[in-house]
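As a plain string of letters, each chain reads:
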Amino acid sequence: YRDLHTFELQAPTRLIEWARGSRVCVAGYGQSDVNEILQLIPPPTLQTKETQGLCPERDFKVECGGFSKRPVYSLKYVPDTSLLVTSGPPDSSLQVWQVSAEDSDVIKSVSTIATENGTGQSWAKIATISTRAPWVLHGSRLDRVQITEVESRKNVYTAASRGSEELSGLAFLDCNTLLLCCTTGQLCLADVRQPQSPMEAVSVPLAPCSEQWCVGTRHGAQGLEPSSQLVARLSSRGLLILTDLRKTSESLASAKARVPSPGSGAEFLCVSWAPALEGCLAISGFDGTVHVYDTQSWDSSGKEAEPIFIHKGHAFGGAGGSGDPPVVTVHTWHLQKPRTLLSAASDGSLHVWDWVQPCGKC
């Protein structure tokens with residue numbers, strides 16, 4: 001490691017979100033009615049673009065917080081605002097939160113975005129954007145995807161679909177183009193300007209139907225057409241497939257990650273592209289580790305790939321509240337520091353780490 005920071009949360013968290021001023025938002029996912037939502041100030045070394053060596057202050061600090069009466073399974077900061085949007089069981093509704101001003105340390109609930117026929121539906125996956133107005137893209141199934149204006153709660157788009165597959169993730173590629181991924185690995189592209197055009201799901205080539213999938217999109221693709229972006233899909237058995245969105249029916253490259261199969265479900269699967277490292281991605285959700293891979297040499301053979309770095313810090317943190325070994329619930333990349341990642345685990349540990357660059361690697 002070049003650097004490692006740790007912070008112990010009061011409860012397990014399954015999400016990390018960057019907010020204004022390089023703040024970090026986290027939230028609990030327990031079944032109680034006291035799930036915390038916190039905005040943390042990172043250590044000073046993470047708030048500068050250049051590494052400044054030794055620093056006397058190495059801890060995160062809680063800047064403000066609030067409590068959710070339901071478990072928080074997804075949280076997104078709404079760009080250019082002081083709002084957060086969350087979702088979680090028992091239905092597909094969304095909760096909107098106001099991060100208070102500097103003279104207050106409270107994150108308070110301000111509204112709920114109800115969804116049509118939301119009762120009985122699984123929790124909604126969400127993405128946010130503020131190019132035109134503060135929008136949230138949300139849905140639990142392919143035929144229940146919509147965009148809502150956060151502040152007015154007005155519906156501005158409803159997707160048309162012939163299928164009802166459960167969603168594992170969704171994203172704005174730009175203000176007009178949407179990417180949806182089903183738990184079966186199918187991809188869909190949709191255009192906000194054509195709400196009546198039915199979306200067609202494209203299956204994963206050579207993928208067993210029993211596997212569950214998640215998706216990761218590149219955040220550092222400014223200047224590229226949305227259709228020319230690469231996406232990565234990760235299966236519950238560790239298969240990674242890279243796809244060029246100009247031809248979703250074919251895989252550009254594939255590889256098998258060196259990870260164990262999950263013991264129960266695939267609820268914590270996570271794959272993400274490095275925003276400042278060409279061709280690098282990270283995966284987690286199988287155990288207490290985070291694996292980093294350089295995909296630039298991958299082909300379509302699907303052979304096992306060698307990670308360039310493995311973060312094992314959470315695995316040595318001891319058993320969680322259930323007595324089971326900790327599992328990494330989520331990870332995310334620092335937006336400016338190329339090799340710095342944040343990861344959280346089921347034991348409530350939050351780590352920020354930076355590895356030494358191997359010679360000849362990304």
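Residues numbered from 1 in each chain as written. Predicted model: local features only at pLDDT ≥ 70, side-chain atom pairs only at ≥ 80, totals over all residues. Heavy atoms only, no water.

As annotated in an unreviewed UniProt entry, the protein chain is WDR73 protein from Climacteris rufus.

S.K.: It is not clear to me how the overall build of the protein chain should be interpreted in this structure. Could you clarify?
M.R.: Counting its secondary structure elements, the protein chain contains zero helices and 29 strands. Scored against the burial criterion, the 362 residues of the protein chain give a buried share of 56%. Of all intrachain contacts in the protein chain linking residues separated by at least 6 positions in sequence, the fraction that spans at least 24 positions is 52%. Surface accessibility of the protein chain: about 16,200 Å² in total, with carbon and sulfur atoms responsible for 47%. (Helix = DSSP H or I, 4+ residues; strand = E, 2+ residues; numbered from the N terminus. Buried < 20%, exposed > 50% of the residue type's maximum accessible area, 1.4 Å probe, protein only. Contact = heavy atoms within 4.5 Å. Areas by Shrake-Rupley, 256 points an atom, 1.4 Å probe, with all protein chains shown as cover.)

S.K.: How should the pairing of strand β23 (residues 270-273) be read in this particular structure?
M.R.: Two faces make up the sheet, and in a regular strand the side chains alternate between them. Residues Cys-270 and Ser-272 point to one face of β23 and Val-271 and Trp-273 to the other, with burial holding for every one of them. Here β23 runs beside strand β24 (residues 280-284); their pairing, made up of four bridges, is antiparallel. In the strand pairing of β24, Val-271 is matched with Ile-283. Between β23 and β24, which pair antiparallel and follow one another directly, the connecting turn spans six residues, one of which, Gly-279, has a positive phi of 80°. (Pairing = 2+ DSSP bridges.)

S.K.: Would you take a moment to explain the side chain of Arg-233 for this structure?
M.R.: Summarising the element assignment, Arg-233 is placed in strand β20 (residues 230-235). One buried charged residue, Arg-233, remains without a salt bridge, the closest side chain of opposite sign being Asp-244 at 11 Å. Polar contacts involving the side chain of Arg-233 include one to the main-chain carbonyl oxygen of Gly-185, which spans 2.7 Å. (Lys, Arg positive; Asp, Glu negative; His and termini not counted. Salt bridge = Lys/Arg side-chain N within 4 Å of Asp/Glu carboxyl O. Polar contact = N/O pair within 3.5 Å; in protein donor to acceptor, adjacent residues only side chain to side chain.)

S.K.: Please clarify how the sheet that holds strand β15 (residues 167-172) should be interpreted in this entry.
M.R.: Each strand in a sheet pairs with its neighbour through backbone hydrogen bonds, running either in the same direction (parallel) or in the opposite one (antiparallel). Sheet architecture is open: three strands sit in the order β15-β16-β17, paired in antiparallel fashion. Two strands in the sheet have a free side with no partner beyond their single neighbour: β15 and β17 (187-191). Averaged over all pairs of adjacent strands, the angle between strand axes in this sheet comes to 20°, irrespective of strand direction. Bridging between strand β16 (residues 177-182) and β17 involves five bridges; their strand directions are antiparallel. (Axes fitted to C-alpha atoms, helices over the stretch in contact; angles between N-to-C directions.)

S.K.: Mind showing me how you'd approach the packing of aromatic side chains here?
M.R.: Any aromatic ring pair is given by two values, namely how distant the centres are and how the planes are angled relative to each other. Applying the stated criterion to the full structure yields nine aromatic pairs. Arranged with centres 5.6 Å apart and planes meeting at 15°, the rings of Phe-309 and Trp-355 form a pair that is stacked. Here Phe-309, found in strand β26 (residues 309-311), pairs with Trp-355, found in the segment after β29 (349-354); they are 46 residues apart in sequence, far enough to count as distant. Each member of the pair, Phe-309 as well as Trp-355, carries the same accessibility label: buried. Clustering of aromatic rings is evident, with ring pairs tying together Tyr-1, Phe-309, Trp-333, Trp-353 and Trp-355. (Phe/Tyr/Trp six-rings, centres within 6.5 Å; stacked < 30°, edge-to-face > 60°.)

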